Amino acid sequence: MRRLYPTMQNPLRLSPRLQTAALAVRSGSVAADVGTDHGYLACALVQMGRCGKVYASDINHGPLEQAVKTIRQYGLENRVFPVLSDGVKALPLDEISDVVIAGMGGDLIVSILQDARLYCPEKRLVLQPMTKPEVLRRGLCQAGFELLSETAVADGRFVYSVLTAAYTGRARQAGDLFSYTGLLLGQTGTEAVSYLRRVAGRLGKQRDGLLQTRRPDPVEIAKLETLINQIKGEIPDGKGYGTAALDG
Ligand SMILES: C[S@@+](CC[C@H](N)C(=O)[O-])C[C@H]1O[C@@H](n2cnc3c(N)ncnc32)[C@H](O)[C@@H]1O
């Protein structure tokens, strides 16, 4: 479903995934949209009235040019500022309170978050991994960030999580259950349940793959079984685990 901002004359339409990320940005913040690509999220943040100023950054020239076109198209040249930057390196982080990193792999997001200027409790991270969300949750905990919220959002054939986090300096090792399910475990909304089912389905496939190897590692398989059962136990009507419905 595409959503429209009804108050705007020339409103940008965001996908449910980007809309969820936009709504996680704090009102009144100066934001950065890292890996902006088309620039939609950066421009929508201003259009929505959430941010007065947004930096739209990308590591590649092509996407940044695309963002510049979007900024011009919506007449936001005085509000949205394109920056060529690897991660947050070239961004004026002292001025930026909310950093959005959406549409990248969890491992890439973790590497971008290694900039010490982000180790500041006042800053808010809004993160939306396309893959390896477990690597992101683990990396956040290890680096001393605390997960503040997670929202599952269905978009097309996929269900994503949008995470918010802030630095506390309290580093910890995340367990497997937390790494795979984060703050979505125990949520009962349709999209969260769908997310958890898919995680269980993926882990089931991983276990089945291990079982088919010549010398299956019983410890690894038992670990996966435990994890799958823990997740299943938290899904309303989790008995469906292992069926086709959970394999997405
Ligand atoms: C798949 S697009 C996501 C676009 C948008 N954020 C979204 O969620 O729809 C990923 C973008 O991240 C950019 N990118 C990849 N690595 C990056 C890095 N280290 N720093 C900044 N941007 C990066 C790519 O050039 C690309 O434009």
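In this text, all values refer to a predicted model and were calculated from it rather than measured experimentally.

A few words on the domain arrangement of the chain. When its domains are assigned, the chain resolves into domain 1 (16–184) and domain 2 (190–246). For domain 1 and domain 2, the distance between their C-alpha centroids amounts to 29 Å. Between domain 1 and domain 2, the residue contacts involve 15 residues of the former and 12 residues of the latter. Here domain 1 meets domain 2 over a buried area of about 1,200 Å², counting both sides, of which 68% is carbon and sulfur. The interface formed by domain 1 and domain 2 includes zero salt bridges. There are three residue pairs in polar contact (both at pLDDT 80 or more) connecting domain 1 and domain 2. If you list the elements that add at least two residues to the side of domain 1 that touches domain 2, you get α5 (133–142), β6 (145–155), β7 (158–167) and α6 (176–181). In terms of residue class, the side of domain 1 that touches domain 2 is built from 10 nonpolar, two polar and three charged.

Okay, the nonpolar core next. In terms of nonpolar packing, the biggest core is built from 27 residues, with Val-25, Leu-41, Leu-45, Val-54, Leu-76, Val-80 and Val-126 touching the most fellow members. The greatest single-element share of this core, amounting to six residues, is contributed by helix α2 (residues 40–47). Sequence-distant contacts of Val-54, defined by excluding residues within four places in its chain, comprise Ala-31, Asp-33, Ala-42, Leu-45, Val-46, Arg-79, Val-80 and Phe-81. Core analysis: the next-biggest nonpolar cluster, separate from the first, contains 25 residues, Val-34, Val-83, Ile-101 and Ile-112 among them.

Rules of the game
- Residues numbered from 1 in each chain as written.
- Predicted model: local features only at pLDDT ≥ 70, side-chain atom pairs only at ≥ 80, totals over all residues.
- Heavy atoms only, no water.
- Domains from an automatic or database assignment.
- Contact = heavy atoms within 4.5 Å.
- Buried area = accessible area lost by both parts, 1.4 Å probe.
- Salt bridge = Lys/Arg side-chain N within 4 Å of Asp/Glu carboxyl O.
- Polar contact = N/O pair within 3.5 Å; in protein donor to acceptor, adjacent residues only side chain to side chain.
- Helix = DSSP H or I, 4+ residues; strand = E, 2+ residues; numbered from the N terminus.
- Nonpolar A, V, L, I, M, F, W, Y, C, P; charged D, E, K, R; others polar.
- Core = buried A, V, L, I, M, F, W, Y, C linked by side-chain atoms within 4.5 Å.
- Buried < 20%, exposed > 50% of the residue type's maximum accessible area, 1.4 Å probe, protein only.

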